[in-house]
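Chain and residue survey
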Amino acid sequence: MDKYCDRCSMVTLDPDTLERDGTLLKKINEEMNLNFGVYASVEKTGVIHAGDQVRLESP
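For clarity, every value in this text was computed on a predicted model and none was experimentally measured.

1. Focus on the confidence of the model for the chain
The share of residues in the chain with pLDDT of 70 or more is 95%, and the mean pLDDT across the chain is 84. Model confidence for the chain, summarised as mean pLDDT per element, is weakest for strand β1 (residues 3–6) at 74 and strongest for helix α1 (residues 23–32) at 87.

2. A few points about a negative patch on the surface
Where like charges cluster on the molecular surface, the negative patch consists of Asp-14, Asp-16, Glu-19 and Asp-21. Its location among the elements puts Asp-16 in the loop between β1 and α1.

3. Some words on the pattern of salt bridges
Applying the stated criterion to the full structure yields one salt bridge. Among the ionic pairs, Glu-31 bridges to Lys-27, the shortest N-O distance being 3.3 Å. Residue Glu-31 and its partner Lys-27 are located together in helix α1, separated by four residues, close to a single helical turn.

4. Considering unusual backbone geometry
Positive phi outside glycine occurs at Leu-18, with the angle close to 65°. Structurally, the position occupied by Leu-18 is in the loop between β1 and α1. Look at Leu-18 and you get exposed, because its relative accessible area is 60%.

5. Brief notes about the environment of Val-42
Position of Val-42 among the secondary structure elements: in the segment after β2 (35–39). Sequence separation of Val-42 and Asn-29 is 13 residues, and the distance between their C-alpha atoms is 28 Å.

About the cut-offs
In every chain, residue numbers begin from 1 and rise along the written sequence. Given that the model is predicted, a residue must reach a pLDDT of at least 70 before its local features are reported, and side-chain atom pairs must reach 80 or more before they are shown or counted; all residues, however, enter totals for whole chains, interfaces and linings. To obtain the side-chain values, all non-hydrogen atoms of the structure were included, while hydrogens and water were left out. Note on scores: pLDDT gives the predictor's confidence for each residue, bounded by 0 and 100. Numbering goes from the N terminus for both helices and strands, where a helix is a DSSP run of H or I of at least four residues and a strand is a run of E of at least two. What makes a patch is a set of residues exposed beyond 30% relative accessible area and free of salt bridges, joined within 9 Å when like-charged and within 5 Å when nonpolar (Val, Leu, Ile, Met, Phe, Trp, Tyr). Working definition of accessibility: Shrake-Rupley area with a 1.4 Å probe, residue cover restricted to the visible protein chains. Only one rule defines a salt bridge in this text: a Lys or Arg side-chain nitrogen within 4 Å of an Asp or Glu carboxyl oxygen. In this tally Asp and Glu are treated as negative and Lys and Arg as positive; neither His nor the chain ends contributes. Where a charge lies is defined by one atom per residue type: Lys uses NZ, Arg uses CZ, Asp uses CG and Glu uses CD. To sort residues, take the accessible area from a 1.4 Å probe on protein chains only and compare it with the maximum for the residue type: under 20% means buried, over 50% means exposed, and anything in between is partly exposed.

Structure below.
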């Protein structure tokens, strides 16, 4: 299944204080329509290393 995944409200929680701040989620909504992540499928297995070229394609 290759598609964008919606960002949940977890980014509104400060990990130390658990206080909510909706600033980041609001920005993700304004800039990315709440798409913040990707469900992706493996097309070919193999080994990757730091510095290897990566290509991203829209679903």
